[in-house]
Amino acid sequence: MRAVAIAFLLPACRTYGPASQGTSVGNPGEMAARAAPSSGADDIGGVVPVEATTWTGCDGASPAVDASERDLELDGSGSIDVPGGTWCQAEIRLRGPIPLHYRTPADGEVAVDLEVGTITLASSSGVEVDGTRLLLEVGPPDWLADQAAGSPDPAVLAQRVARSSAVYIDEDGDHVLSDEERARGSVLKGADRSDNGGGTEPGDADGGAEDTGGSDDTGHADGGDADGGAEDTG
């Protein structure tokens, strides 16, 4: 009986739902994290305390849930597992605040706790994971620029992390987002993340950058733009 009980408890460390392969079967990948760069702030660091990650496929099947607790350092250290498959949404639930710290020319070391809750990222085209290495960029570029002087607003920064982060393919697996990797475009992004990598202003009521045509997350033109030109009106 004791052996049976131990065998029953072990799988609870990591649970993938019945549709953990998403749209297609693939080898598991991994995802690290790094803080988005920002003018006015140097040495950006902190920890993303992951409680669980839910991956939702593009086919409407049941999502895959990884209940493993992991810490992702904002300098690229550490990683979480990503189940193989094609995923159109990822929800990263945190078990506590992100202890963010950075340096500014005026105030030196700045430290603030961000109560983010959940980081939600999505894409209509999805990302295929087959041994793929991903990188989560926490926050949008220049997300600290207007918060570098004086006391930062934790609520504003937390919202930017929750709704303006993005995931890129880390081609070389070095946990650093190169210019080339950024230029290829994100594969998943928050609702407030604009196509050029920035976020919306805190005062925007609707929160986000709705795609209105043109390029999608991966840099490909929408099907209606295939001819690349203006409509001939005669």
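Residues numbered from 1 in each chain as written. Predicted model: local features only at pLDDT ≥ 70, side-chain atom pairs only at ≥ 80, totals over all residues. Heavy atoms only, no water.

## A word on the nonpolar core
Grouped together as the largest cluster of nonpolar side chains are 41 residues, with contacts concentrated most on M31, L100, L114, V116 and W143. By size, the runner-up hydrophobic cluster in this structure holds five residues, among which are A32, L135, Y168 and L177. (Core = buried A, V, L, I, M, F, W, Y, C linked by side-chain atoms within 4.5 Å. Buried < 20%, exposed > 50% of the residue type's maximum accessible area, 1.4 Å probe, protein only.)

## Observations regarding the state of the cysteines
Tallying each qualifying case throughout the model produces one disulfide. Residue C58 pairs covalently with C88 via a disulfide, S to S 1.9 Å. Where C58 bonds to C88 through sulfur, the torsion about that S-S bond is close to 100 degrees, and the disulfide is right-handed. Placement of the pair is C58 in the loop between β3 (47–57) and β4 (64–66) and C88 in strand β7 (residues 85–94), with a sequence separation of 30 residues. (Disulfide = S-S within 2.5 Å. Helix = DSSP H or I, 4+ residues; strand = E, 2+ residues; numbered from the N terminus.)

## Some details on unusual backbone geometry
Positive phi is not limited to glycine here, since D43 has a value of about 50 degrees. Examined against the element boundaries, D43 turns out to sit in strand β2 (residues 42–45). The phi dihedral of D142 is positive, around 65 degrees, even though this residue is not glycine. Along the chain, D142 turns up in the loop between β11 (133–138) and α2 (154–164).

## Topic: the environment of A32
Examined against the element boundaries, A32 turns out to sit in strand β1 (residues 29–35). When the C-alpha atoms of A32 and L134 are compared, they prove to be 6.5 Å apart, with 102 residues separating the residues in sequence. Residues contacting A32, with those up to four places away along its chain left out, are G76, G78, S79, L134, L135, L136 and H175. (Contact = heavy atoms within 4.5 Å.)

## Brief notes about the side chain of R193
The topology assignment puts R193 in the segment after β13 (188–189). In this structure R193 comes out as buried when scored by relative accessible area, which is 1%. At a separation of 2.6 Å, a polar atom in the side chain of R193 contacts the side chain of E137. (Polar contact = N/O pair within 3.5 Å; in protein donor to acceptor, adjacent residues only side chain to side chain.)

## Brief notes about the sheet that holds strand β9 (residues 108–114)
Strand pairs in the sheet, formed through backbone hydrogen bonds, run parallel or antiparallel to each other. Taken in spatial order, the three strands make up an open sheet running β2-β8-β9, and their pairing is antiparallel. Here the strands that pair on one side only, and so sit at the sheet edges, are β2 and β9. For this sheet, the mean inter-axis angle between neighbouring strands, taken without regard to orientation, is 10 degrees. For strand β8 (residues 98–104) and β9, the ladder comprises seven bridges, and the chain directions are antiparallel. Directly across from L100, in β9, lies its bridge partner V112. Where α2 meets the sheet, its contacts fall on β8 and β9, and the angle it forms with β9 comes to roughly 70 degrees. (Pairing = 2+ DSSP bridges. Axes fitted to C-alpha atoms, helices over the stretch in contact; angles between N-to-C directions.)

## Things to note about the confidence of the model for the protein chain
Overall, the predicted model of the protein chain reaches an average pLDDT of 79, with 71% of residues at or above 70. Of all secondary-structure elements in the protein chain, the lowest mean pLDDT belongs to helix α1 (residues 2–9), at 40, while β11 reaches the highest, 98. Taken as a whole, residues 1–24 scores under 50 in pLDDT and shows 41 contacts with residues more than four places along the chain or in a different chain. Here residues 200–234 scores under 50 on pLDDT; set against residues more than four positions off or in separate chains, the count is 40 contacts. (pLDDT = per-residue confidence, 0-100.)

## What to know about the environment of A162
As for its placement among the helices and strands, A162 is situated in helix α2. What makes A162 buried here is its relative accessible area of 13%. A162 sits 45 residues away from G117 along the chain, and the two C-alpha atoms are 7.6 Å apart. Those residues in contact with A162 that lie beyond four places of it in its chain are V116, T118, I119 and T120.

## Comments concerning α2
Residues of α2 that are buried include every one of V156, L157, A158, R160, V161, A162 and S164, and no others. Packed against the buried residues of α2 are β8, β9, β10 (118–129), β11 and β12 (166–169). You can read the cap of α2 off the contacts: a side-chain oxygen lies 3.0 Å from the backbone nitrogen of A155, and it is on D153.

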